[in-house]
Amino acid sequence: MGQPTPNFVDLISALQAMLPVASLLVDDENQRPFECDGLAVYQQLPLVTVIPETLLQVQEILRLCCLHKVPLVPRGAGTGLCAGAMPHAHGVLLVMTKFDKILHINERTAEATVQPGVRNLALSEASEPYGLYYAPDPSSQIACTIGGNVAENSGGVHCLKYGLTVNNLLQVSMVTIEGELVTFGGDGLDAAGMDLLSLVAGSEGLLGVVVEIKVKLLPRAPRVQVLMAAYSNVTAAGDAVAALIGQGIIPAGLEMMDHLAIKAAEDFVKVGYPIDAQALLICELDGTDAEVEEQLQTVSQCFTDYGAYQIRVAKDDQEAAALWQGRKAAFPAVGRISPDYYCMDGTIPRGQVAHVLTRISELSQHYGLAVANVFHAGDGNLHPLILFDASIDGQLAQAEALGGDILTLCVDVGGTITGEHGVGLEKMPQMPYQFSDAELAQFRRLKAAFDPYELLNPGKGIPTLKYCQEYRSLHNG
C-alpha cells in the first residue's frame, strides 16, 4: 500500500465504518489480483480496493471519494485490453463483480434488466428458454460482463448485422461522482431529450459507475447456416468481404483469420481448418429457410468469384460450432506459440482490408515481430496479435511501436484507433493523431460536466491539454 494522504486516511476510516471487513482490501497481497486488466503489461496497485454489494454502498463510496477528492477507478471482470481498469496509485478501485444478478427477463417485450456484473454469455443462456438471446458477443463473452461491455461499447462476431452494445441498450442507470443515481434511456425504442444513453456507451468509466442496464433481446432465427471459405492470399479474401457487402448481403457474422492465426487455432482446437490457407473467411447467415438458402448461394458464388479454393458449408450445429470454436479460440491459441502477445484493436473501412493487411505484413517485417491477424471482417474491426517475448530487452517497446503504427495506419485510411477495446491508457498516444485540439477540448468539457474534479478513472481516455501540446511539439504540429 502506498503512502496515504490525510484525505485518504479520513476516507479509509469512513469506508471501514460502512463496509464489511471482507469488502475492503488494503494490503498488497489481497489487492494483487486487481493490479491490471487483460493488458497485463500495465500494472499498478491501488491504495485500497472496495467490493460493494448494494447500490447504497456504491453511492456512498463515490460520495466519499468526491468529498475527500480521492480518485476512483471502476472495474468489472478485468477482461478489458486497453488498461482502462488499471488502478490509480493514489486512489480507490471499485470492483463491481458482486452486482451479478439478472433482475428480469421480459419474454413479451424481448428485454432484460441486469446488474453490471452479469457475464455476457450468462445473459444469452438465461434467455434461451424463451427463444431469445443477447446479440453482442465479444470473444471473451464467457467471462466479460455487461457493465464492462457498456464501458467499452463492445461488439463481437454478430455486431455486423445486430450492432454494438450501444445499439442493443434501452436504459442505463449510473451513479455520478457525487453519489447521485441517474437514468438514461427508457422502456421504448427512443426517449425524450438528448441521447445521453449513447454518450454513456463507450465512456470507459470516465463519467460514472453503471449499476443497472436494460437491453434488447433478439428472437433466435429459424435457421442459422455457417460456411467457411479458404483463400491462397489475404488480398483476395479482403476483396471478397468488400464485394459481398457491396452486393447488399449483411451476414449475421463475417470473420477473417490469416495464416498464422489459422495454424495456431487448428493446432489448438483441431476443428479441420485448412492449414495451407493464407486466409479464412467464416460467415454466418440467419433468417428463414428461404432467406438463408438464397443468401447461401449468393455468398458461395461471391467467395468463389473472388478466388476461394475451398468452401465448406457446416452440415449441422456441431460442425457450425466447431468452425466458430477455432475463431473464438484464436487468442489463447496464439498464446501457445509465443511467450507474449499484444492484442491491438482498430477499425478501417471494409474496402481497405486488403491494403491494410498488406501494410501490416510490411510493418511486421520492419520490426522483426510476427503478427497474427484475427478480426471482424464485416465491420472492419481489426485485432492484430503482435507476438513478442517480454524477457528480451526492448521487445515490448518494439511491440508497442508496431502497434502504434498499425493504429495510425487505421486513421490514415479513414478508420479509427479503436473498435471495441477502448482507449484507456494504451491508446492515449494516438488520440491527438486522430482528433484535433478542438475535438479533444470538447471531450474534456463533456467529462467535466459529469466529473468536475476529474476523479473518475483519471489519466485515461482523454489526453490533457498539456499532453496534446507536447505531442504536437514532438510531431511538429
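Structure: see above.
Described in the following lines is the structure provided in the data block. (Residues numbered from 1 in each chain as written. Predicted model: local features only at pLDDT ≥ 70, side-chain atom pairs only at ≥ 80, totals over all residues. Heavy atoms only, no water.)

Here's the deal with the sheet that holds strand 1 (residues 24–25)
1) Next: In spatial order, the strands read 1-2-4-3; together these four strands make up an open sheet with mixed pairing. Taken across any chain shown, the strands that pair with only one partner, and hence form the sheet edges, are strand 1 and strand 3 (72–75).
2) Next: The sheet contacts of helix 3 (residues 55–68) involve strand 2 (48–50), strand 3 and strand 4 (92–95), and relative to strand 4 the element is tilted by about 165°. (Pairing = 2+ DSSP bridges. Helix = DSSP H or I, 4+ residues; strand = E, 2+ residues; numbered from the N terminus. Contact = heavy atoms within 4.5 Å. Axes fitted to C-alpha atoms, helices over the stretch in contact; angles between N-to-C directions.)

Considering the packing of helix 8 (residues 234–246) against helix 13 (residues 353–367)
1) Next: Between helix 8 and helix 13, whose axes approach to 8 Å, the crossing angle comes to 150°. Judged on the interaxial angle alone, helix 13 and helix 8 are roughly antiparallel. In terms of crossing hand, the pair formed by helix 8 and helix 13 is right-handed. Between helix 8 and helix 13, the residues in contact are Val234, Thr235, Gly238 and Asp239 and Val353, Ala354, Leu357 and Thr358, respectively.
2) Next: Here the residues of the contact of helix 8 with helix 13 sort into four nonpolar, three polar and one charged. (Parallel < 35°, antiparallel > 145°, perpendicular 65-115°, else oblique. Left-handed = near helix turned anticlockwise from the far one by under 90°. Nonpolar A, V, L, I, M, F, W, Y, C, P; charged D, E, K, R; others polar.)

Quick look at the sheet that holds strand 9 (residues 181–185)
1) Next: Here we have five strands laid out as an open sheet, ordered 5-6-10-8-9, and antiparallel in their pairing. Looking at the sheet topology across the chains shown, the edges are occupied by strand 5 (102–106) and strand 9. Across this sheet, the average inter-strand angle for adjacent strands is 10°, counted without regard to direction.
2) Next: In this structure, strand 8 (residues 169–175) lies alongside strand 9, joined through five bridges in antiparallel fashion. From the neighbouring strand, Met174 faces strand 9, where its bridge partner is Val182.
3) Next: Against the sheet, helix 4 (residues 120–127) makes contact with strand 5, strand 6 (111–114) and strand 10 (209–216), and its axis sits at roughly 40° relative to strand 5, the strand it touches most.

Details of the state of the cysteines
By definition, a disulfide links the sulfur atoms of two cysteine residues through a covalent bond.
1) Next: Per the stated rule, a full pass over the model turns up zero disulfides.
2) Next: For the unlinked cysteine Cys36, the closest cysteine sulfur is that of Cys82, found at 13 Å.
3) Next: For Cys36, a relative accessible area of 15% corresponds to the buried category. (Disulfide = S-S within 2.5 Å. Buried < 20%, exposed > 50% of the residue type's maximum accessible area, 1.4 Å probe, protein only.)

Regarding the pattern of salt bridges
1) Next: Throughout the structure, instances matching the rule amount to 17 salt bridges.
2) Next: Residue Glu53 is joined to Lys98 by a salt bridge in which the shortest nitrogen-to-oxygen separation is 3.1 Å. Of this pair, Glu53 sits in the loop between strand 2 and helix 3 while Lys98 sits in the loop between strand 4 and strand 5, and the two are 45 residues apart along the sequence.
3) Next: Since its relative accessible area comes to 34%, Lys98 is described here as partly exposed. (Salt bridge = Lys/Arg side-chain N within 4 Å of Asp/Glu carboxyl O.)

Some thoughts on the side chain of Ser338
1) Next: Along the chain, Ser338 turns up in the loop between helix 12 (330–335) and strand 16 (340–343).
2) Next: Overall, the relative accessible area of 9% leaves Ser338 in the buried class.
3) Next: A polar side-chain atom of Ser338 sits 2.6 Å from the main-chain carbonyl oxygen of Asp340.
4) Next: Beyond its immediate sequence surroundings of up to four residues, Ser338 is in contact with Leu387 and Phe388. (Polar contact = N/O pair within 3.5 Å; in protein donor to acceptor, adjacent residues only side chain to side chain.)

As for helix 14 (residues 395–412)
1) Next: Counted at 1.5 Å a residue, the expected span for helix 14 with its 18 residues is 26 Å, and the 25 Å between its end C-alpha atoms agrees.
2) Next: Those residues of helix 14 not exposed but buried are Gln395, Ala399, Leu402, Gly403, Gly404, Ile406, Leu407, Thr408, Leu409, Cys410 and Val411.
3) Next: Of the surrounding secondary structure, the elements contacted by the buried residues of helix 14 are strand 16, strand 17 (346–347), helix 13, strand 18 (371–376), strand 19 (381–388) and helix 15 (431–434).
4) Next: The positive-phi residue at the C-terminal boundary of helix 14 is Gly414, with phi of around 100°. (Expected span 1.5 Å × (residues − 1).)

Quick notes on the environment of Phe375
1) Next: Mapping Phe375 onto the fold places it in strand 18.
2) Next: Residues Phe375 and Met256, spaced 119 residues apart in sequence, show a C-alpha to C-alpha distance of 5.6 Å.
3) Next: The contacts of Phe375, once residues within four sequence positions are left out, are Glu255, Met256, Val353, Leu357, Asn381, Leu382 and His383.

Quick word on the packing of aromatic side chains
1) Next: On inspection of all chains with the given rule, the structure shows two aromatic pairs.
2) Next: Ring geometry for Phe184 versus Phe450: centroids 6.4 Å apart, planes at 80°, classification edge-to-face. Here Phe450 lies in helix 16 (residues 437–450) and Phe184 lies in strand 9, a separation of 266 residues in the sequence.
3) Next: The class of Phe184 is buried, set by a relative accessible area of 11%. (Phe/Tyr/Trp six-rings, centres within 6.5 Å; stacked < 30°, edge-to-face > 60°.)

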